[in-house]
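# Examining the three-dimensional arrangement
Given next are the chains, with one letter for each unit.
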Amino acid sequence: LPVTSELLDNVSFSSPFTETDRNGQYMVPNFMMAGDADVKKTFVRLTPDRQSKRGTLWSKGVVGPYSEISATLTFRISGQGSKLFGDGIALWLTKSPRPTNGKLHGMDSKFEGIAVVIDTFKNVEHGSLHRDVTLLINDGTKDAEIGVEDVLGCNVDGMRYHEGRDDFSTFNLSRLRLLYNEDRLVVEVDGNGTNDWQTCATVGGLKKQLPKGFLSDARFGISGTTGQLADNHDIISLQVHSSHSEAKVASVEQHESFESADDLQVLVHDLEHQLTSIVEKLENTIGKLQNQEDMLEDRVKLLESTVLTGVESKMERRITNLEKQLDRKVQRTVNKAQKSTQDEIDNMKEFAEKNADSGGWRLPFMFLAVLVFVAGTAAYRHYRYLIKSHLL
């Protein structure tokens, strides 16, 4: 696309993207990327056609001290779903230096500045209040909402493309244009990329709603989100000019360049789009297989733990029972030995007493000593037997 002297390069970009980072990944000059956003050579994919995704592009620099600017966003919303799809993208012009997570299409609803939300999911709760394109202006003190009364915006046909159609092409594009001056804002939409612009919303009195010198600290950002429903949200370019007239000329030139694209250019764009979809499907399949593998590993670990716990518990019960049996057997043996020894001692005492009167004390004493020795030896041998029998 042609670059003019009034194009604000620090907040503008356009494909093809040729600069790469240290990892060899394509990057958008002067913009930071976050979330699921992925830069390809011919487009920036904010979200793939997968559930619960969010991606953003945010300008590192500010617009500058201008009293008038225009911004033209060229994008493509497409997917495999023929009837169910969502959620959408949003163009931001705010004083936030970086994207902040929130509930308004992935961003903080208490922003200070301007947001244009493109919502492709027609929520039944909003009913007739739904707008395909909604303009929001906020001073940062309240929560901005879509699908409410007195909302500014419009409905636009053809802003979302079904990739399953035979006539689908990566040159099926849509465009959004902001015409801003210090006290007035106009939002225009070229839904089918045919350079047929319709006025979507007009608002005045910006001086009362936004701080003085707003553009001096304002940055452009683009966000894309999916929820339970999904789509590919691709950004082709964002061109910001310091005049309205120059932006309209650039829009015509851009349309002409798309119309005059040769077969090779179309082929290059289509191939990258198809390859990106194939890679995303493979990554999604691999992710699902990895999740299943992790679940199986968890189940195996749980089973091993259950079996091991059962075995340990059973072994503990058996050991406890063996210990009790051993204690009882040892106690019986000891009691038996004690009784036997006591009986022998009693007999010996009785024998000694009978012979004490005759003065023969030596013989009973020697007999008692021998008896004690014999009883002790018998007890020791029985102890060794228990050791060899693994009972002690």
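Residues numbered from 1 in each chain as written. Predicted model: local features only at pLDDT ≥ 70, side-chain atom pairs only at ≥ 80, totals over all residues. Heavy atoms only, no water.

## Side note on the overall build of the chain
The number of helices and strands found in the chain is five helices and 17 strands. Counting every position in the chain, which comprises 392 residues, the buried fraction comes to 39%. The long-range fraction of contacts in the chain, counting pairs at least 24 apart against all pairs at least 6 apart in sequence, stands at 69%. Carbon and sulfur atoms make up 53% of the accessible area of the chain, which totals about 22600 Å². (Helix = DSSP H or I, 4+ residues; strand = E, 2+ residues; numbered from the N terminus. Buried < 20%, exposed > 50% of the residue type's maximum accessible area, 1.4 Å probe, protein only. Contact = heavy atoms within 4.5 Å. Areas by Shrake-Rupley, 256 points an atom, 1.4 Å probe, with all protein chains shown as cover.)

## Comments concerning the state of the cysteines
Here is the idea: a disulfide is a covalent bond, and it sits between the sulfur atoms of two cysteines. Counted by the stated rule, this structure contains one disulfide. One disulfide bridge connects cysteine 154 with cysteine 200, the sulfur atoms lying 2.0 Å from each other. Looking down the S-S bond of the cysteine 154 and cysteine 200 bridge, the torsion is -110°, so its handedness is left-handed. Here cysteine 200 lies in strand E15 (residues 198–204) and cysteine 154 lies in strand E11 (residues 152–154), a separation of 46 residues in the sequence. You can call cysteine 154 buried: its relative accessible area is 9%. On the accessibility criterion, cysteine 200 (9% relative accessible area) is buried. (Disulfide = S-S within 2.5 Å.)

## Considerations on the pattern of salt bridges
Under the criterion given, the structure shown has ten salt bridges. Lysine 142 is paired through a salt bridge with aspartate 139; the nearest N and O atoms lie 3.5 Å apart. By relative accessible area, lysine 142 is classed as partly exposed at 42%. The shortest N-O distance in the salt bridge between arginine 165 and aspartate 167 comes to 2.9 Å. (Salt bridge = Lys/Arg side-chain N within 4 Å of Asp/Glu carboxyl O.)

## Some thoughts on the sheet that holds strand E9 (residues 112–119)
For sheets, the rule is that strands pair by backbone hydrogen bonds, running either parallel or antiparallel. Judged by pairing direction, the sheet is antiparallel, and its seven strands sit side by side in the order E2-E5-E16-E7-E9-E10-E11 without closing on themselves. Either end of the sheet is taken by a strand with one partner, and the two such strands are strand E2 (31–35) and E11. For this sheet, the mean angle separating the axes of adjacent strands, direction not counted, is 15°. Note that E2 and strand E5 (residues 54–59) share five bridges and pair antiparallel. When the bridges of E5 are listed, glycine 35 appears paired with glycine 55. (Pairing = 2+ DSSP bridges. Axes fitted to C-alpha atoms, helices over the stretch in contact; angles between N-to-C directions.)

## Topic: the pairing of strand E6 (residues 68–79)
By the criterion of burial, E6 is predominantly enclosed, with eleven of the twelve residues buried. Relative to strand E13 (residues 174–181), E6 runs antiparallel, the two being bridged by eight bridges. Across the sheet, the residue bridging to leucine 73 is leucine 176, located in E13. With nine bridges joining them, E6 and strand E17 (residues 232–241) adopt antiparallel strand pairing. Its bridge partner lying in E17, serine 78 is registered against asparagine 232.

## Digging into the nonpolar core
It is characteristic of soluble globular proteins that their nonpolar side chains tend to be buried jointly. With 48 residues, the main nonpolar core has Val133, Leu176, Phe220 and Leu238 as its most contacted residues. Sorting elements by how many residues they give to this core places E6 first, with five residues. Ignoring any residue separated from it by four or fewer positions in sequence, one finds valine 133 in contact with Val116, Val117, Ile118, Leu152, Gly153, Cys154, Val156, Met159, Leu176, Val189 and Cys200. Judged by nonpolar contacts, the second largest core, of eleven residues, contains Ala90, Met107, Ala144 and Ile146. (Core = buried A, V, L, I, M, F, W, Y, C linked by side-chain atoms within 4.5 Å.)

## Considering a nonpolar patch on the surface
Together, Leu264, Leu267, Val268, Leu271, Leu275, Ile278, Leu282 and Ile286 make up an exposed nonpolar region whose accessible area comes to about 770 Å². Tracing the sequence through the fold places isoleucine 278 in helix H4 (residues 263–356). (Patch = residues over 30% accessible without salt bridge, like charges linked within 9 Å, V, L, I, M, F, W, Y side chains within 5 Å.)

## Quick word on the side chain of threonine 94
Note that threonine 94 resides in strand E7 (residues 88–94). Polar contacts involving the side chain of threonine 94 include one to the main-chain amide nitrogen of serine 96, which spans 3.1 Å. Apart from residues lying up to four places away in sequence, threonine 94 is in contact with Trp58, Phe111, Glu112, Gly113, Ile114, Phe214, Asp217, Ala218 and Arg219. (Polar contact = N/O pair within 3.5 Å; in protein donor to acceptor, adjacent residues only side chain to side chain.)

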